[in-house]
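The lines below spell out each chain.
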Amino acid sequence: MSYRVNTIPMPTWNHLKVNYAPDVFERDVNKSEKLRSYSVSNVFDDMLSGAGSDFDNDVKANASVIKCKNVAAKSGDNIFVSEYKEGVVRECLEVFDGAEAELVQIIASENKEQLDILTQVYAHKDAKVRLYLLNLSGIRSDVRSGVAIKAEENADIEVVRIAIGSHRALYGIRSELMGDSSRCNVTTAYLADNDEVLDMNDSTNFYGKETFSEIKAIGLLSGRAYKTLRETVDFKRGCVHAIGHEGEDTVMLSDEVTNLTTPLILCGEEWVEGMHAATTTRLDDDMLFYLQSRGVPLRDAKRLIIESRFSPVVDMIANEDIKNRVMKSMGDRLDALSVL
Amino acid sequence: MFEVEEKTRVDAIDRTLYDFKDKLDPAMIVNSGLTEKVVRQISLEKEDLEWMTEFRLEALKTYNSLDIPTWGPPIDGLDMDNIITYVRPKGEMSAKWEDVPEDIKNTFEKLGIPQSERLSLAGVGAQYDSEIVYHNVRKEVEAQGVIYTDIESALKGDMADVVRSHFMKLIPPTDHKFAALHGAVWSGGSFVYVPKGVSVEIPLQSYFRLNAPGAGQFEHTLIIVEDDAYLHFIEGCSAPKYNIANLHAGCVEIFIGKNSRVRYSTIENWSKNMYNLNSKRALVEEGGIIEWVSGSFGSHTSYLYPMSILKGDNSRMEYTGITFAGEGQELDTGAKVIHMGRNTSSHITTKSISRDGGKSNFRSEVKITREAENSKSAVTCESLMLDDQSRSDTIPVSDIRNSKVDIGHEAKIGRISEDSIFYLMSRGLSEDDAKALIVGGFAEPIAKELPVEYAVEMNNLINLEMKGSIG
């Protein structure tokens, strides 16, 4: 079966090519090394990732790696680190009432490896979850990542995504704020260069009262990169006093980049606040001039400005070793930028 | 903790100002449905030149080959088999109101068109169903070389070659299904030509009235403004409400010369059984400016996104729009802009209000091409929800392909601030008056872009809508 991923909930003009990711996918099931059978908690059954139900079902049916974690305690030990290079992976995390957990997912594909990964996070009442999605892959790999999040009352979820790897990278995060006062923030730092394709589809659906979500991205595009960012905050009827913010701040280094942004605000409830703000600019000439006037060579000045843009996102990674690894990967990518 | 106010709700009042109906008494009417026979009949009736007949038939083929849009509000209630595409009213086009048939003249008098012409317009075109029934332009404006006439006359007059070389070139029938429909069955509309260096200080206005139940109106407006010129064109439209679907698929094409400026203002107040699938587009040369001012109040369903192509360096576009969607309405409005020239700029400002189950969608496209360096674009979209039965969605897209740009987009959705209501009530206003005042203030940036009498009309429309739903 062929299918599309990263479909937005309300389509717009087809010629803009933002209604879904441009590629159509079809898995060769003969090559699939899927597990014969497995079971996960039924709380994950009806969860939907930002990549879409077809992708989710594909991964569920063909997963070769399954990881499921249940966390019932508030403990600093509930930190799970996974690293993947290729294959079809399903990872589930259920965090029970009042518990805390941290899931670090490092994607480190090389060469022409392909990884499809479905991550499902269910946060029960008062649960606290930190999810780090770190794509540090080489520039020849293909990655598709779907994330489904569901939050009960007062659950608090923080997602940090570092999207600086892969030749073709598709990400879709979908959060469902079911419980009152639940929260989910998604913060992304992305970088795409050369002929890389970066396609993101992040959305939050607000059901509970006084729910909050902020989806924001800081990005750098260079070479002939083709980037699509879709952000959606969807206020369902009854989510009174919900607040949803979206934002993107992009710097383009090349005139051959394609930079598509689609920030949707869908609103079926009057007592809400939905906001979006986006900017696309070049590197700040005044800042470059200032740094050069202080003796910093132009290339270094540019790099300094770019690193400073990304650092608030990188600094959200609590684990120092992982943070250093991210900074090293980012440094390597900046060194190799086609235009700087 | 989550206090929800009690609301008073009043039935929507009659829109009698626009809702009166004339007895259907046409000189000629085609059968409903869209067939080659109907298209040929329209062409014959209008005494088309041969190329136009061929153009219509080719557009019909295009229409039949294209799909219904998959991305917009539902238009299932629109069945082309039931739409009458041409209704010729009695009488010939005249430059004198007294020559217009009595019942049609009465219609336009009720709508205040002759009075507006006397007070504040340089010229008026009035279309009733499928044909222009009145067209006149002030002598002093005519003396400047300005041509303002019905488009059928222009297609056969001194400017025939110019009209032919521009007709449906900006919006070709292949653009989308309803542009193709327009190409096949268009009738009526205006042609405006402003020579180089001429500034038309007083606005021109075309008013479109659709009276026949189950009919479509497909007027074509073609405006050519040469270099260093200025024009303000106003478009108004209304129809009585029927229980069956009516259709409006007009087309507006504007060509703006170097360093010229055109302001195109629309107050759209179609009846709430109308499918308003209209297309508007402007091509702007170097240093030129297009300003769209748009108020959308009527229609059952609207697809309306004026598009600006900033072809010349230093050209500019401004779009200022307000949409008010009430019960049973889904108004999908917005704007498109393509930056092609260097140092071009666009500014889109929209406000929308949804109440009583109405759906208001803002949709936009900002495209910066590879050549359009040093371009700037700002999109600001604010939506006000007056109850939880309504919807307000924003679907903006930016497609940026040049690094030397400054692009900003802001969108905000919310309800009337409780603090603002409290403050106004503490100053002696009733709650209803406070809310009406806040909504009026919300729309004020749009109203101030309109000529005074149209701003008054817009404010009256808002008050009319607000009286139907004190929320």
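Procedures and definitions
- Residues numbered from 1 in each chain as written.
- Chains lettered and ligands numbered in written order.
- Predicted model: local features only at pLDDT ≥ 70, side-chain atom pairs only at ≥ 80, totals over all residues.
- Axes fitted to C-alpha atoms, helices over the stretch in contact; angles between N-to-C directions.
- Helix = DSSP H or I, 4+ residues; strand = E, 2+ residues; numbered from the N terminus.
- Parallel < 35°, antiparallel > 145°, perpendicular 65-115°, else oblique.
- Left-handed = near helix turned anticlockwise from the far one by under 90°.
- Contact = placed C-beta atoms within 7 Å.
- Nonpolar A, V, L, I, M, F, W, Y, C, P; charged D, E, K, R; others polar.
- Buried ≥ 20, exposed ≤ 12 C-beta atoms within 10 Å, placed from the backbone.
- Pairing = 2+ DSSP bridges.
- Core = buried A, V, L, I, M, F, W, Y, C linked by C-beta atoms within 7 Å.

Residue and element names in this part refer to chain B. Running from N to C, helix H10 (residues 418–426) and helix H11 (residues 431–447) cross one another at 125°; their axes reach a closest spacing of 9 Å. The pairing of H10 with H11 is recorded here as oblique in orientation. Of the two possible hands of crossing, H10 and H11 adopt the one that is right-handed. Side by side, H10 and H11 meet where Ser420, Ile421, Leu424 and Met425 of the first sit next to Glu431, Ala434, Lys435, Leu437 and Ile438 of the second. When its residues are assigned to classes, the contact of H10 with H11 shows 6 nonpolar, 1 polar and 2 charged.

All names here are of chain A. Most of strand E13 (residues 197–206) is tucked away, with 9 of its 10 residues classed as buried. Pairing geometry for E13 and strand E15 (residues 226–235), over 10 bridges, is parallel. Within E15, the residue paired with Asp202 across the bridge is Glu231.

This part takes up unusual backbone geometry. Phi at Asn154 of chain A takes a positive value of approximately 65°, unusual for a residue other than glycine. With respect to the helices, strands and loops of the structure, Asn154 of chain A is situated in the loop between strand E9 (142–151) and strand E10 (156–163). Judged by the 21 C-beta atoms lying within 10 Å of it, Asn154 of chain A falls in the buried class. With a phi angle near 55°, Asn343 of chain B is a residue other than glycine that sits in the positive phi range. Counting through the fold element by element, Asn343 of chain B comes out in the loop between strand E20 (330–339) and strand E21 (345–354). Exposure remark for Asn343 of chain B: the 18 C-beta atoms within 10 Å place this residue in the partly exposed category.

Let us now look at the packing of helix H2 (residues 285–293) of chain A against helix H3 (residues 298–314) of chain A. All names here are of chain A. Remark: H2 packs on H3, axes separated minimally by 9 Å, with the N-to-C direction vectors making an angle of 125°. By the angle class used here, H2 and H3 are oblique. In this structure, the crossing between H2 and H3 has a hand that is right-handed. The segment H2 lies against H3, with Met287, Leu288, Leu291 and Gln292 engaging Leu298, Ala301, Lys302, Leu304 and Ile305.

Before going further, it helps to examine the environment of Pro73 of chain B. Residues and elements named next belong to chain B. With respect to the helices, strands and loops of the structure, Pro73 is situated in the loop between helix H3 (50–65) and strand E2 (87–88). With 229 residues separating them along the chain, Pro73 and Ser302 place their C-alpha atoms 8.1 Å apart. Excluding residues within four positions of it along the chain, Pro73 makes contact with Thr301, Glu330 and Asp332.

This paragraph deals with the nonpolar core. Counting 215 residues, the largest nonpolar core has Ile157 of chain A together with Val192, Ile223 and Val262 of chain B as its most contacted members. Those residues in contact with Val192 of chain B, other than ones at most four positions away along the chain, are Ile147, Tyr148, Leu204, Ile223, Leu231 and Phe233 of chain B.

Turning to the environment of Lys156 of chain B, a few remarks are in order. Mapping Lys156 of chain B onto the fold places it in helix H7 (residues 151–156). Residue Lys156 of chain B is classed as partly exposed on the basis of its 13 C-beta neighbours within 10 Å.

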